[in-house]
Amino acid sequence: MVKLSVKDVYVAKGQNLKVVSKEEKQTVYHSKKLNLWYGEHHALKDIDLEMKENEVTAIIGPSGCGKSTYIKTLNRMVELVPSVCTQGEILYRERNILDNKYQVEELRTKVGMVFQKPNPFPKSIYDNIAYGPRIHGIKNKKVLDEIVEKSLRGAAIWDEVKDRLNQNAYGLSGGQQQRICIARCLAIEPDVILMDEPTSALDPISTLKVEELVQELKENFSIIIVTHNMQQAARISDKTAFFLNGEVIEYEATNHIFSTPTDKRTEDYISGRFG
Amino acid sequence: MVKYVDHVQVVKRMNGRLVVNKMFKIVFLLATLFALAALGVLVYRMFDQGWGYLSADFITNFASRFPEKAGIKAALIGSMWLMVVVAPISLLLGVGTAIYLEEYAKQNRLNDFIRMNISNLAGVPSIVFGLLGLTIFVRSLALGKSVLAAGLTMSLLILPVIIVAAQEAIRAVPKELREASYGMGATKWQTILKVVLPSAVPGILTGSILALSRAVGETAPLVVLGIPVIVHFLPNGILSEFTALPMQIFDWAKRPQEEFQYVAAAGILVLMTFLVILNSIAVFIRNKFQNRY
Amino acid sequence: MVMKQPAEKLSVQELIAQSRSKRSKKVVEKIMPILLFITALISVLTTFGIVFTLIFETIEFFTKVSVIDFLFGTEWLPFSGKEPMYGILPLILGTLKVTFIAVLVAVPLGIAAAIFLSEYASDRTRRLIKPVLEVLAGIPTIVYGFFALTFVTPVLQEIIPGLKIFNALSPGIVVGIMILPMIASLSEDAMTSVPNAMREGALALGSTKLEVAIKIVLPAALSGILASVVLAVSRAIGETMIVSLAGGATPKFDFNVTDSIQTMTAYIVQVSTGDAGYGTTIYYSIYSVGFTLFLFTLLMNLLAHFISKRFREEY
């Protein structure tokens, strides 16, 4: 089997996107005056955020603040809820994804997502990872084998499952299932990975593993992560956005936000006075 | 302080209340056992009457005027032919409708009407479906008293049952699985075909087999279609005339000679065995492939 | 797929871009909902087919027989050669006699069984008894009919000396046994969906289980229970094979249950197994009877729908 490291692929992809040096990181996502309503309920208000590549951006805030809604707007999963209505722009690599002409399927091939609850398909581990490449037309068995191994290695779970790739993914523990879901997401080599509270259903040890994984993935992917756990945001992210009642209260470098927050409400939240 | 509740009195009356409770528990139990007893007596009677007439000859003989020569071959094979027509048609229509209603249908009047219509269709007596089949399939489309005419009628009859079973199975697929698929850039149809349906298949099959077994046991529509009973040949295609197990049993049960009662009972044993096999398959699928979400 | 370059030079995203057949995907996405919608329309077409078939052939019938005679006539004698009479009331009465007896049997037994299963039975007992109810519900009606004719009627004749071979009592009881599982399992569903907190509240005040069942659970589940009864009545009205085999073929306008009767469904069977030719008045009469039967059951189904919707409990 030809070994294919994540790094090689990154270089290949980099050529595609015009190679840029690490110092001047490109913007992946830029939302401008984004508003969103669920029917009458105004869930997101004038969101202006800019996210850079190869960074981990954390979104924190109390429940109901709109952080999950926001991350689901970034790959338009929010449209699965009926009666959703949006206004404003979200630029992904300088193209407005809220434009109706933008194909959601194409967007979601470039932007992967990891969900709150581990949600592997009731299929074998192999079929779970191969699902994405297969639906996008990759049928060559040899190529699929390579993608599966590379993705599982990328999600740091290859050694645990390499001998039982044909077993049902439901036999794994919750933490393993979540890393399978991350591997499934890596299999189509997305540009950005969205994570919606990926550790909220996991035990502390599994959480730690996923956090370490996020740190590694950052080398090759841009990561946007929603978390209700402030320590987690402090541990793993480069930048942090604090959401409250559908508004961005503060968006700064993480160490800045946790040491010297500008806004009184941010300070109250991170010091545990509410939320 | 005034006491409104006299605890001495309450304790005295408690015994009586407990006795009444015990008595009613027994009454309720007896009512439940009545159903069990009815089933027991029914099965015992069928074996008692039919066992003596059940033989290899009975399975391999055609119908006859003489009870000792009467056989069920044409009816048994006819019922199997009927299933060959009913199973694919009702599954295709039923599952298709269920996917439409669960995955595509928006909340509007047309779709509300379709839903309402299905639940009402489930309550239409089977004999009325017979009248529909007689007019449309037997006469207007000139299919005659064929396997196809009867199969189409039966398919429509069990369609609501299959739709509801498939809807429940599809609804039971967690939305997280759909989200995961959409999140990978899969289209709606890819998600349905590769994620939703595979997870829903055991539920759909179990419900459909139970519906099929209903089609196998239904008599009234066949009577109205005019399906013959004295048949001395096997169907050679779906446009061939045929007879079916319940029709044959109905004919024997109506006959005045006492011996035919035993032949009818033997026929019922064959029919029930057929149904038990179908139901066992359904239970097996349910237990074997039950998903743990 | 032909690959000129070794795999390691290609990224998955490029492979995807290469193999994407956007157009066929798009076509499938557009066509499938339309195809599925068409399958969904078949069920609507079935209803229209039933309604129009019944209406057209019934209109044909009314060109030969007056509507007044049909609706209010108390004699149903289609086979009397010289002067056939088509008054549907005897058939309706026959149907109602059987249905009434069936309800008398099935409602108390069914609800009692539901109370036992939801309030008294242990999990093990329930798992034992529910499959039996399912089996009972799955037995073909032809088998029940045979059972009524060859077992229930002779037994009843021992008890009631004047009972005829064909009568309303025996099929009524057996139809009752047939609809019993339906009432029991639907009522049990309604009762088990009453939240446990309500039971615990009453038990904590020192109520017995019986008092909880009668005073708390039954009223709370009443709409579900009523709906199940109405649906069962609808099933009993449309039941065909039991009444054809054990009920007889002599429609009578009286309230006697020990004598031979004929129901609407049994009449349709009688004509279908006889040799009334296509296009005769008798042929069209089965549609007029079928239409009446359809209206009766439709009314019951709508009533059940209304009850469970109007009185849905919000826990």
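Residues numbered from 1 in each chain as written. Chains lettered and ligands numbered in written order. Predicted model: local features only at pLDDT ≥ 70, side-chain atom pairs only at ≥ 80, totals over all residues. Heavy atoms only, no water.

**What about the overall build of chain B?**
A tally of helices and strands in chain B yields 11 helices and zero strands. Put simply, chain B runs from its N terminus to its C terminus through helices and strands in the order α-α-α-α-α-α-α-α-α-α-α. For 293 residues, the compact-globule estimate of 2.2 N^0.38 gives 19 Å, and chain B exceeds it by more than 25% at 26 Å. In terms of overall dimensions, chain B has C-alpha extents of about 90 × 60 × 35 Å along its principal axes. Relative to its full complement of 293 residues, chain B shows a buried share of 56%. Put simply, of all contacts in chain B between residues at least 6 apart along the chain, 75% involve residues at least 24 apart. In the form shown here, chain B has an accessible surface area of approximately 13300 Å², with 66% of it arising from carbon and sulfur atoms. On chain B, the mean spot of the 26 positive side-chain charges and the mean spot of the 15 negative ones are 8 Å from each other. (Helix = DSSP H or I, 4+ residues; strand = E, 2+ residues; numbered from the N terminus. Rg over C-alpha atoms; globule rule 2.2 N^0.38 Å. Buried < 20%, exposed > 50% of the residue type's maximum accessible area, 1.4 Å probe, protein only. Contact = heavy atoms within 4.5 Å. Areas by Shrake-Rupley, 256 points an atom, 1.4 Å probe, with all protein chains shown as cover. Lys, Arg positive; Asp, Glu negative; His and termini not counted. Charge placed at Lys NZ, Arg CZ, Asp CG, Glu CD.)

**Comments concerning the environment of Leu91(A)**
All names here are of chain A. By the secondary structure assignment, Leu91 is in strand β4 (residues 84–92). A residue is classified by how much of its surface remains accessible, and Leu91, at 16% relative accessible area, is buried. Dropping the residues within four chain positions of it, Leu91 is found in contact with Val28, Tyr29, His30, Lys32 and Asn96.

**Some thoughts on the interface of chain B and chain C**
Counting from both sides, the interface comprises 70 residues of chain B and, opposite them, 73 residues of chain C. Roughly 6400 Å² of surface becomes buried between chain B and chain C when both sides are summed, with 79% attributable to carbon and sulfur atoms. Our count for the chain B to chain C interface comes out at one salt bridge. Between Arg17(B) and Glu211(C) there is a salt bridge, with its nearest N and O atoms 2.8 Å apart. Seen at the junction of chain B and chain C, the total is 13 residue pairs in polar contact (both at pLDDT 80 or more). (Buried area = accessible area lost by both parts, 1.4 Å probe. Salt bridge = Lys/Arg side-chain N within 4 Å of Asp/Glu carboxyl O. Polar contact = N/O pair within 3.5 Å; in protein donor to acceptor, adjacent residues only side chain to side chain.)

**Some thoughts on the packing of aromatic side chains**
Aromatic ring pairs are described here by two measures, namely the spacing of the ring centres and the angle between the planes. All names here are of chain B. Applying the stated rule across the entire model yields 24 aromatic pairs over all chains. Each ring, one from Phe58 and one from Trp252, has its centre 5.8 Å from the other, and the planes form 40°; the classification is tilted. With a gap of 194 residues between them, Phe58 in helix α2 (residues 56–60) and Trp252 in helix α10 (residues 245–254) connect regions that are remote in the sequence. The class for Phe58 is buried, based on a relative accessible area of 3%. (Phe/Tyr/Trp six-rings, centres within 6.5 Å; stacked < 30°, edge-to-face > 60°.)

**Thoughts on the sheet that holds strand β5 (residues 95–96) of chain A**
Residue and element names in this part refer to chain A. Within the open sheet, the four strands sit side by side as β2-β1-β4-β5. Their pairing is antiparallel. Looking along the sheet, the strands with just one partner apiece sit at the ends: β2 (41–52) and β5. One ladder, built from eight bridges, connects strand β1 (residues 27–38) with β2; its direction is antiparallel. Directly across from Tyr29, in β2, lies its bridge partner Met51. (Pairing = 2+ DSSP bridges.)

**Looking at the UniProt feature "domain: ABC transporter" (unreviewed entry) in chain A**
Residues annotated by UniProt as "domain: ABC transporter" (unreviewed entry) correspond here to residues 29–270 of chain A. As annotated, residues 29–270 of chain A has a helix share of 38% and a strand share of 27%, and its two end C-alpha atoms lie 25 Å apart. (UniProt positions renumbered as here; feature names shortened; annotations may be inferred.)

**Brief notes about the nonpolar core**
Within the largest apolar cluster, 274 residues are counted, with the highest numbers of intra-cluster contacts made by Tyr29(A), Tyr70(A) and Leu152(A). The residues that make up this core include at least three from each of domain 1 (7–53) and domain 2 (58–288) of chain B. (Core = buried A, V, L, I, M, F, W, Y, C linked by side-chain atoms within 4.5 Å. Domains from an automatic or database assignment.)

**Things to note about the packing of helix α4 (residues 89–120) of chain C against helix α9 (residues 209–220) of chain C**
Residue and element names in this part refer to chain C. One can describe the packing of α4 onto α9 by two numbers: an axis separation of 11 Å at closest approach and a directional angle of 110°. The orientation of α4 with respect to α9, classified from their angle, is roughly perpendicular. Note on packing geometry: the crossing formed by α4 with α9 is right-handed. On the side of α4, the interface is formed by Ile111, Ile115, Glu119 and Tyr120, while α9 contributes Lys209, Leu210, Ala213, Val217 and Leu218. For the contact of α4 with α9, a count of residues per class yields seven nonpolar, no polar and two charged. (Axes fitted to C-alpha atoms, helices over the stretch in contact; angles between N-to-C directions. Parallel < 35°, antiparallel > 145°, perpendicular 65-115°, else oblique. Left-handed = near helix turned anticlockwise from the far one by under 90°. Nonpolar A, V, L, I, M, F, W, Y, C, P; charged D, E, K, R; others polar.)

**Notes on the packing of helix α5 (residues 141–154) of chain A against helix α7 (residues 174–186) of chain A**
All names here are of chain A. For the pair α5 and α7, interaxial distance at closest approach is 8 Å and the crossing angle is 130°. One finds that α5 runs oblique with respect to α7. Classified by chirality, the crossing of α7 by α5 is right-handed. Together, Ser151, Leu152 and Gly154 of α5 and Ile180, Ala183 and Leu186 of α7 make up the contact between the two elements. In terms of residue class, the contact of α5 with α7 is built from four nonpolar, two polar and no charged.

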